[in-house]
Amino acid sequence: MRHPDAPAPGEPLGAHYDQCFGCGHQPGGLGLIARAGEDVSVTAEFTVRSGHQGAPGLAHGGVLAAALDETLGSLNWLQRTITVTGRLETDFVRPVPVGTELHLEAQVTAVHGRKVYCSATGRIGAPDGPVAVRAQALFIEVRVDHFIENGRAEEIDAALTDPDQVKVARAFEVNP
Ligand SMILES: CCCCCCCCCCCCCCCC(=O)SCCNC(=O)CCNC(=O)[C@H](O)C(C)(C)COP(=O)(O)OP(=O)(O)OC[C@H]1O[C@@H](n2cnc3c(N)ncnc32)[C@H](O)[C@@H]1OP(=O)(O)O
(Lines give C-alpha, C1' and ligand atoms only; values in the text may rest on other atoms or scores of the structure.)
Protein backbone atom coordinates (compact mmCIF):
# COMPACT_ATOMS: atom_id res chain seq x y z
CA MET A 1 0.00 0.00 0.00
CA ARG A 2 2.81 2.47 0.90
CA HIS A 3 4.51 3.43 -2.36
CA PRO A 4 8.27 2.67 -2.37
CA ASP A 5 8.94 6.33 -3.34
CA ALA A 6 6.65 7.74 -0.62
CA PRO A 7 8.11 10.52 1.55
CA ALA A 8 9.92 9.21 4.64
CA PRO A 9 8.17 9.36 8.03
CA GLY A 10 8.43 12.90 9.43
CA GLU A 11 8.96 14.52 6.02
CA PRO A 12 6.69 17.55 5.35
CA LEU A 13 4.27 16.89 2.47
CA GLY A 14 3.77 20.46 1.29
CA ALA A 15 0.75 21.73 -0.64
CA HIS A 16 -0.76 19.64 -3.45
CA TYR A 17 -2.10 22.93 -4.91
CA ASP A 18 -1.06 26.44 -3.88
CA GLN A 19 -4.67 27.69 -3.99
CA CYS A 20 -6.09 24.79 -1.93
CA PHE A 21 -8.30 25.93 0.95
CA GLY A 22 -6.80 23.24 3.19
CA CYS A 23 -3.06 23.12 2.49
CA GLY A 24 -2.42 26.05 0.15
CA HIS A 25 -1.68 29.70 0.79
CA GLN A 26 -5.24 31.06 0.83
CA PRO A 27 -5.66 34.00 3.24
CA GLY A 28 -8.86 32.53 4.73
CA GLY A 29 -7.73 28.93 4.41
CA LEU A 30 -6.65 26.43 7.03
CA GLY A 31 -2.92 26.61 6.37
CA LEU A 32 -2.80 22.94 7.37
CA ILE A 33 0.67 21.43 7.51
CA ALA A 34 0.94 17.67 7.01
CA ARG A 35 3.83 15.23 7.42
CA ALA A 36 4.29 11.63 6.38
CA GLY A 37 3.83 9.03 9.10
CA GLU A 38 4.66 5.34 9.35
CA ASP A 39 3.10 2.92 6.83
CA VAL A 40 0.20 4.73 5.08
CA SER A 41 -0.46 7.43 7.65
CA VAL A 42 -0.02 11.17 8.04
CA THR A 43 -0.05 13.72 10.85
CA ALA A 44 -1.12 17.36 10.47
CA GLU A 45 -1.75 20.52 12.46
CA PHE A 46 -3.81 23.62 11.98
CA THR A 47 -4.64 26.51 14.26
CA VAL A 48 -8.26 27.61 14.53
CA ARG A 49 -8.44 31.34 13.74
CA SER A 50 -11.24 33.87 14.21
CA GLY A 51 -12.25 33.51 10.55
CA HIS A 52 -13.01 29.83 11.25
CA GLN A 53 -15.78 30.51 13.81
CA GLY A 54 -19.28 29.09 13.73
CA ALA A 55 -20.50 30.07 17.22
CA PRO A 56 -18.75 32.82 19.22
CA GLY A 57 -15.21 31.70 19.99
CA LEU A 58 -15.74 28.20 18.56
CA ALA A 59 -14.66 26.54 15.30
CA HIS A 60 -17.32 25.95 12.65
CA GLY A 61 -18.06 22.24 12.18
CA GLY A 62 -17.60 22.53 8.42
CA VAL A 63 -14.11 23.92 8.95
CA LEU A 64 -13.25 20.98 11.21
CA ALA A 65 -14.65 18.57 8.59
CA ALA A 66 -12.49 20.33 5.99
CA ALA A 67 -9.42 19.82 8.20
CA LEU A 68 -10.23 16.11 8.48
CA ASP A 69 -10.88 15.92 4.71
CA GLU A 70 -7.59 17.64 3.90
CA THR A 71 -5.62 15.39 6.27
CA LEU A 72 -7.23 12.31 4.72
CA GLY A 73 -6.50 13.69 1.22
CA SER A 74 -2.82 14.00 2.19
CA LEU A 75 -2.66 10.19 2.25
CA ASN A 76 -2.42 10.51 -1.56
CA TRP A 77 1.25 11.43 -1.16
CA LEU A 78 2.02 8.11 0.51
CA GLN A 79 0.14 6.02 -2.02
CA ARG A 80 1.24 8.03 -5.05
CA THR A 81 -2.29 7.90 -6.41
CA ILE A 82 -4.84 10.68 -6.76
CA THR A 83 -7.99 10.08 -4.76
CA VAL A 84 -10.93 12.37 -4.01
CA THR A 85 -13.46 12.21 -1.20
CA GLY A 86 -16.52 10.13 -2.04
CA ARG A 87 -17.87 9.89 1.49
CA LEU A 88 -16.90 11.58 4.75
CA GLU A 89 -18.63 10.69 8.02
CA THR A 90 -17.70 12.97 10.89
CA ASP A 91 -18.16 12.75 14.67
CA PHE A 92 -17.91 16.06 16.52
CA VAL A 93 -16.92 15.01 20.04
CA ARG A 94 -15.91 18.31 21.69
CA PRO A 95 -16.23 22.00 20.83
CA VAL A 96 -12.96 23.49 19.59
CA PRO A 97 -12.16 27.05 20.77
CA VAL A 98 -10.53 29.67 18.55
CA GLY A 99 -6.79 29.65 19.12
CA THR A 100 -6.65 25.85 19.49
CA GLU A 101 -3.95 24.00 17.65
CA LEU A 102 -5.71 20.92 16.32
CA HIS A 103 -3.47 17.85 15.94
CA LEU A 104 -4.72 15.46 13.31
CA GLU A 105 -3.68 12.02 12.20
CA ALA A 106 -5.08 9.84 9.40
CA GLN A 107 -4.44 6.39 8.01
CA VAL A 108 -5.59 4.09 5.25
CA THR A 109 -7.50 1.14 6.69
CA ALA A 110 -8.28 -0.84 3.50
CA VAL A 111 -8.04 -0.63 -0.28
CA HIS A 112 -10.45 -2.34 -2.68
CA GLY A 113 -9.83 -1.55 -6.33
CA ARG A 114 -10.24 2.24 -6.71
CA LYS A 115 -11.78 2.53 -3.23
CA VAL A 116 -9.56 3.66 -0.37
CA TYR A 117 -11.08 3.41 3.12
CA CYS A 118 -9.48 5.64 5.71
CA SER A 119 -10.00 7.23 9.11
CA ALA A 120 -8.81 10.34 10.91
CA THR A 121 -8.81 11.91 14.38
CA GLY A 122 -8.30 15.50 15.54
CA ARG A 123 -7.10 16.23 19.08
CA ILE A 124 -6.98 19.47 21.03
CA GLY A 125 -3.63 21.05 21.83
CA ALA A 126 -1.30 18.06 21.48
CA PRO A 127 -0.96 14.74 19.61
CA ASP A 128 -2.23 12.99 22.76
CA GLY A 129 -4.76 15.69 23.69
CA PRO A 130 -8.50 15.14 24.07
CA VAL A 131 -10.27 13.90 20.93
CA ALA A 132 -12.39 16.66 19.34
CA VAL A 133 -13.31 15.16 15.96
CA ARG A 134 -13.19 11.81 14.19
CA ALA A 135 -13.91 10.75 10.62
CA GLN A 136 -14.41 7.62 8.59
CA ALA A 137 -14.05 8.18 4.86
CA LEU A 138 -14.09 6.59 1.46
CA PHE A 139 -11.79 8.10 -1.14
CA ILE A 140 -12.00 7.09 -4.80
CA GLU A 141 -9.02 6.94 -7.13
CA VAL A 142 -9.26 9.23 -10.17
CA ARG A 143 -6.99 10.24 -13.05
CA VAL A 144 -5.68 13.78 -13.61
CA ASP A 145 -8.42 14.02 -16.27
CA HIS A 146 -10.94 14.26 -13.40
CA PHE A 147 -9.64 17.78 -12.71
CA ILE A 148 -8.95 18.78 -16.32
CA GLU A 149 -12.50 17.84 -17.40
CA ASN A 150 -14.31 19.30 -14.39
CA GLY A 151 -12.26 22.26 -13.17
CA ARG A 152 -12.81 25.85 -14.35
CA ALA A 153 -10.65 26.43 -17.45
CA GLU A 154 -8.92 29.50 -15.96
CA GLU A 155 -7.41 27.59 -13.03
CA ILE A 156 -6.77 24.39 -15.01
CA ASP A 157 -4.83 26.29 -17.69
CA ALA A 158 -2.77 28.02 -15.01
CA ALA A 159 -2.08 24.70 -13.25
CA LEU A 160 -1.03 22.94 -16.46
CA THR A 161 1.45 25.70 -17.30
CA ASP A 162 2.93 25.78 -13.79
CA PRO A 163 5.95 23.45 -13.70
CA ASP A 164 5.69 23.08 -9.91
CA GLN A 165 2.05 21.97 -10.18
CA VAL A 166 2.84 19.51 -12.98
CA LYS A 167 5.64 18.11 -10.80
CA VAL A 168 3.15 17.60 -7.96
CA ALA A 169 0.72 15.83 -10.31
CA ARG A 170 3.55 13.57 -11.41
CA ALA A 171 4.35 12.73 -7.79
CA PHE A 172 0.83 11.28 -7.56
CA GLU A 173 0.45 9.76 -10.97
CA VAL A 174 3.10 8.42 -13.36
CA ASN A 175 1.46 9.76 -16.56
CA PRO A 176 -0.60 12.85 -15.73
C1 LIG B 1 -4.19 19.77 -13.55
C2 LIG B 1 -4.38 19.62 -12.06
C3 LIG B 1 -3.54 18.54 -11.42
C4 LIG B 1 -3.85 18.39 -9.93
C5 LIG B 1 -3.14 17.23 -9.35
C6 LIG B 1 -3.23 17.13 -7.86
C7 LIG B 1 -4.63 17.01 -7.39
C8 LIG B 1 -4.68 16.37 -6.04
C9 LIG B 1 -6.02 16.60 -5.51
C10 LIG B 1 -6.19 15.96 -4.20
C11 LIG B 1 -7.41 16.67 -3.58
C12 LIG B 1 -7.53 16.23 -2.18
C13 LIG B 1 -8.35 17.37 -1.45
C14 LIG B 1 -8.95 16.82 -0.22
C15 LIG B 1 -10.06 15.87 -0.62
C16 LIG B 1 -11.16 16.52 -1.34
O17 LIG B 1 -11.85 17.42 -0.75
S18 LIG B 1 -11.60 16.06 -2.91
C19 LIG B 1 -13.04 17.11 -3.32
C20 LIG B 1 -14.35 16.54 -2.87
N21 LIG B 1 -14.74 15.37 -3.64
C22 LIG B 1 -15.23 15.47 -4.91
O23 LIG B 1 -15.35 16.54 -5.47
C24 LIG B 1 -15.60 14.19 -5.57
C25 LIG B 1 -16.93 14.36 -6.34
N26 LIG B 1 -17.40 13.04 -6.79
C27 LIG B 1 -16.97 12.53 -7.96
O28 LIG B 1 -16.30 13.17 -8.74
C29 LIG B 1 -17.37 11.11 -8.27
O30 LIG B 1 -18.54 10.76 -7.57
C31 LIG B 1 -16.23 10.09 -7.89
C32 LIG B 1 -15.88 10.17 -6.38
C33 LIG B 1 -14.97 10.38 -8.72
C34 LIG B 1 -16.69 8.67 -8.15
O35 LIG B 1 -17.23 8.62 -9.45
P36 LIG B 1 -16.76 7.51 -10.51
O37 LIG B 1 -15.32 7.68 -10.84
O38 LIG B 1 -17.75 7.53 -11.63
O39 LIG B 1 -16.84 6.17 -9.69
P40 LIG B 1 -18.08 5.23 -9.39
O41 LIG B 1 -18.03 4.13 -10.43
O42 LIG B 1 -19.35 5.98 -9.19
O43 LIG B 1 -17.65 4.65 -7.97
C44 LIG B 1 -16.51 3.82 -7.81
C45 LIG B 1 -16.79 2.95 -6.61
O46 LIG B 1 -16.87 3.81 -5.45
C47 LIG B 1 -18.16 3.68 -4.82
N48 LIG B 1 -18.58 5.01 -4.39
C49 LIG B 1 -18.50 6.17 -5.07
N50 LIG B 1 -18.99 7.19 -4.33
C51 LIG B 1 -19.41 6.64 -3.17
C52 LIG B 1 -20.03 7.17 -1.99
N53 LIG B 1 -20.29 8.47 -1.87
N54 LIG B 1 -20.33 6.32 -0.99
C55 LIG B 1 -20.04 4.99 -1.10
N56 LIG B 1 -19.47 4.42 -2.19
C57 LIG B 1 -19.17 5.25 -3.20
C58 LIG B 1 -19.07 3.12 -5.93
O59 LIG B 1 -20.16 2.43 -5.36
C60 LIG B 1 -18.12 2.20 -6.67
O61 LIG B 1 -17.96 1.02 -5.94
P62 LIG B 1 -17.73 -0.41 -6.68
O63 LIG B 1 -18.89 -0.55 -7.61
O64 LIG B 1 -16.41 -0.27 -7.42
O65 LIG B 1 -17.68 -1.39 -5.58
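By the naming in an unreviewed UniProt entry, the protein is Acyl-coenzyme A thioesterase THEM4, taken from Streptomyces yatensis. Here is the UniProt Sequence similarities (unreviewed entry) comment for the protein, exactly as written: "Belongs to the THEM4/THEM5 thioesterase family."

Caption draft 1: Region of the structure containing the environment of leucine 13. You can see leucine 13 is positioned in the segment before strand 1 (33-36). For the pair formed by leucine 13 and leucine 58, sequence separation is 45 residues and the distance between their alpha carbons is 28 Å. Leucine 13 has contacts with Pro7, Ala34, Arg35, Ala36, Val42, Ser74, Trp77 and Leu78, leaving out every residue within four places of it along the chain.

Caption draft 2: Just unusual backbone geometry, in detail. With phi around 50°, aspartate 39 is a residue other than glycine that occupies positive phi space. For aspartate 39, the position within the fold is in the loop between strand 1 and strand 2 (41-47). According to the relative accessible area criterion, aspartate 39 is exposed, its value standing at 51%. Within the chain, arginine 80 stands out as a residue other than glycine whose phi angle is a positive 55°.

Caption draft 3: Representation of the site of the ligand in the model. Not every one of the 19 residues close to the ligand is listed here, only the nearest: Asp69, Thr85, Gly86, Arg114 and Lys115. Taking threonine 85, its main chain carries an N or O atom lying 3.1 Å from a nitrogen atom of the ligand. One of the side-chain nitrogen or oxygen atoms of lysine 115 is found 2.7 Å away from an oxygen atom of the ligand. Protein contact buries 56% of the 1300 Å² of open area that the ligand shows by itself. Going through the elements one at a time, strand 3 (83-92), strand 6 (131-141), helix 3 (145-150) and helix 5 (163-172) are the ones with two or more residues in the shell around the ligand. Top contributing element to the shell around the ligand by residue count: strand 3, with four residues. A per-class count over the shell around the ligand returns nine nonpolar, six polar and four charged.

What counts and how
All residue numbers here refer to positions counted from 1 along the written sequence of the relevant chain. Given that the model is predicted, a residue must reach a pLDDT of at least 70 before its local features are reported, and side-chain atom pairs must reach 80 or more before they are shown or counted; all residues, however, enter totals for whole chains, interfaces and linings. Just so you know, side-chain values use all the structure's heavy atoms and leave hydrogens and water out. UniProt positions are given in the numbering used here, feature names are shortened, and annotations may be inferred rather than shown by experiment. In this text, helices come from DSSP runs of H or I with a minimum length of four residues, and strands from runs of E with a minimum of two, each type numbered from the N-terminal end. Whether two residues are in contact is decided by their heavy atoms: any pair within 4.5 Å suffices. Type-normalised accessible area, obtained with a 1.4 Å probe on protein chains alone, sets the label of each residue: buried when under 20%, exposed when over 50%, and partly exposed for intermediate values. One heavy atom within 4 Å of a molecule or strand makes the whole residue count as near it. Side-chain atoms alone can form a polar contact between residues adjacent in sequence; in general such a contact is a pair of N or O atoms within 3.5 Å, and within protein one must be able to donate a hydrogen while the other accepts it. In these tables, accessible area is a Shrake-Rupley quantity obtained with a 1.4 Å probe, and a residue counts as shielded only by the protein chains included in the view. Gly falls in the polar group here, along with every residue not listed as nonpolar (Ala, Val, Leu, Ile, Met, Phe, Trp, Tyr, Cys, Pro) or charged (Asp, Glu, Lys, Arg).

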